[in-house]
Amino acid sequence: MVVDDDEKIISLLRRSLAFEGYEVTTAANGLEGLKTLMTHDPDLLVLDVMMPQVDGWEVCRRVRESGSTVPILMLTAKDDVVDRVKGLDLGADDYLVKPFALEELLARVRALLRRKAEKPEESTSRIVFEDLILDQDSREAIRDGRRIDLTAKEYDLLLLFMQNPRRVLTRDSIMEKIWGYDFSGESNVLEVYIAMLRQKLEDGGGSRLIQTVRGTGYVLRGEG
C-alpha cells in the first residue's frame, strides 16, 4: 500500500510495483490512508511524511498503536537526522529520502518483505469459548467441527472478543483496539463487520455468541 499526496509519485510507484508483481493499493493522503487500512491488510506500507491533514508520522503512530506490525517504509524530502530518528522512533522500519532512485526503493521493499517472511511463526495457540475455537496459527475459527475462514479484520475482531469473554466491550474501545483511532461516530463499519462475523459463526444453525448491548457495545456470551 502506498500513501502519498504527490500524484506523480503515486503513479510511478503503482506502475513500478505492479510491474514487479505486487498488488498495489494507494491513498492520496494520510486520512484516506487510515480509512483504507480499515478494509485492507497490506504486507507493506510505503508512507510519505509530508501530507496535509494527517501527516505520515501520525499515520505511522496510529498504525503502531493499533497493534499492527506491518513493515513501514517512510518517504520524505527531509534528510535531517532528527526527522529520520523521529520516524524510526514512531515505529517505521526504514527511511528513504526524496528524490530517490527507483531501484533502491524496490530493493528496500524486497528487503522488508523478506525480513517479514523470515520472522518465526507464533507458537500454536487455541482459544476456546463454548463450542467455538479460534486457532491463532491458521487465523481461522472452528465451530462444531466446521472451519471458518476469516478476513484479517474479522480475525482481529473475534480475537478481541475471545480474549475478553463475557466482558462488555464498548463501541469506542473496539474501534480503538481494532482500527487504532477514533473513527466517525456515524460510520457503521463496526456494525457491518459484526454482521459479517455473526453470519460466518452462525452458518449451519449455530447459536448467537456475539450479543448486542444496546447503547453500549457488544459482548461474547451464550444466549442461555
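Everything quoted here is computed from the prediction, not taken from an experiment.

Comments concerning the overall build of the protein chain
On a plain count of helices and strands, the protein chain comes out with 8 helices and 12 strands. Judged by the C-alpha coordinates and their principal axes, the protein chain covers about 60 × 35 × 30 Å. A total of 224 residues make up the protein chain; the buried ones form 44% of that total. Counted over contacts in the protein chain with a minimum sequence separation of 6, partners at least 24 positions apart contribute 53%. Summed over all atoms, the accessible surface of the protein chain reaches about 12,100 Å², with 47% contributed by carbon and sulfur. Once the 32 positive and 41 negative side-chain charges of the protein chain are each reduced to a mean point, those two points are 2 Å apart.

Examining helix α7 (residues 171–179)
Helical periodicity: at 3.6 residues per turn, an α-helix aligns residues three or four positions apart in one direction. Taken together, the buried positions of α7 are occupied by R171, I174, M175, I178 and W179. Down the axis of α7, the buried side of the element spans an arc of 100°, and every buried residue falls inside it. On its buried face, α7 is in contact with α6 (152–163), β10 (169–170), α8 (189–202) and β12 (217–220). The positive-phi residue at the C-terminal boundary of α7 is G180, with phi of around 85°.

Re the layout of surface pockets
Space inside the second largest pocket adds up to approximately 340 Å³. Along the wall of the second largest pocket there are 15 residues; nearest its centre are M1, E23, P42, D43 and L44. A class-by-class count of the residues in the lining of the second largest pocket yields 10 nonpolar, 2 polar and 3 charged.

Focus: the packing of aromatic side chains
Aromatic ring pairs: the centre-centre distance and the angle between the two ring planes describe each pair. Evaluated as defined, the whole model comprises 0 aromatic pairs. Between the NZ or CZ atom of K86 and the centre of the ring of W57, over which it lies, the distance is 4.0 Å.

Some words on the sheet that holds β10
What the 3 strands build is an open sheet, ordered β10-β12-β11; its pairing is antiparallel. The strands lining the two open edges of the sheet, one partner per strand, are β10 and β11 (210–213). Two strands pair when backbone bridges link them, and β11 and β12 are joined in this way by 4 bridges, in the antiparallel orientation. Bridging across to β12, I210 finds its partner in L220. Along the sheet face, α6 touches β10, β11 and β12 and points at about 65° away from the line of β12.

Digging into the pattern of salt bridges
Counted by the stated rule, this structure contains 16 salt bridges. Of the charged contacts in the structure, one is a salt bridge between R108 and D94, with a shortest N-O distance of 3.0 Å. Linking R108 in helix α5 (residues 102–118) with D94 in strand β5 (residues 94–97), this pair joins segments that are 14 residues apart in sequence. One connected set of salt bridges, linked through shared partners, spans E58, R61, R62 and E65.

A few points about the nonpolar core
In terms of nonpolar packing, the biggest core is built from 30 residues, with L157, L158, F161 and I174 touching the most fellow members. If you list the elements that add at least two residues to this core, you get β6 (126–129), β7 (132–135), α6, α7, α8 and β12. Counting residues per element, this core draws most heavily on α6, which supplies 7 residues. I174 has contacts with L157, L160, F161, L169, W179, L190 and Y218, leaving out every residue within four places of it along the chain. Counting 19 residues, the second largest nonpolar core, distinct from the first, contains M1, L34, L37 and A92.

Digging into the packing of helix α1 (residues 7–19) against α5
At a minimum axis distance of 11 Å, the contact between α1 and α5 shows a crossing angle of 60°. Between α1 and α5, the angle falls in the class oblique. You can see that α1 and α5 cross each other, and the crossing is right-handed. Residues L12, L13, S16 and L17 of α1 pack against L102, L105, L106 and V109 of α5. For the contact of α1 with α5, a count of residues per class yields 7 nonpolar, 1 polar and no charged.

Definitions and limits used
- Residues numbered from 1 in each chain as written.
- Predicted model: local features only at pLDDT ≥ 70, side-chain atom pairs only at ≥ 80, totals over all residues.
- Heavy atoms only, no water.
- Helix = DSSP H or I, 4+ residues; strand = E, 2+ residues; numbered from the N terminus.
- Buried < 20%, exposed > 50% of the residue type's maximum accessible area, 1.4 Å probe, protein only.
- Contact = heavy atoms within 4.5 Å.
- Areas by Shrake-Rupley, 256 points an atom, 1.4 Å probe, with all protein chains shown as cover.
- Lys, Arg positive; Asp, Glu negative; His and termini not counted.
- Charge placed at Lys NZ, Arg CZ, Asp CG, Glu CD.
- Arc of directions from axis to C-beta.
- 1 Å grid on protein atoms, 1.4 Å probe; cavity = no way out; pocket = protein on both sides within 12 Å on 5 of 7 lines; lining within 4 Å.
- Points joined across faces, edges and corners; volume = space filled by probe spheres on them.
- Nonpolar A, V, L, I, M, F, W, Y, C, P; charged D, E, K, R; others polar.
- Phe/Tyr/Trp six-rings, centres within 6.5 Å; stacked < 30°, edge-to-face > 60°.
- Lys NZ or Arg CZ within 6 Å of the ring centre and 35° of its normal.
- Pairing = 2+ DSSP bridges.
- Axes fitted to C-alpha atoms, helices over the stretch in contact; angles between N-to-C directions.
- Salt bridge = Lys/Arg side-chain N within 4 Å of Asp/Glu carboxyl O.
- Core = buried A, V, L, I, M, F, W, Y, C linked by side-chain atoms within 4.5 Å.
- Parallel < 35°, antiparallel > 145°, perpendicular 65-115°, else oblique.
- Left-handed = near helix turned anticlockwise from the far one by under 90°.

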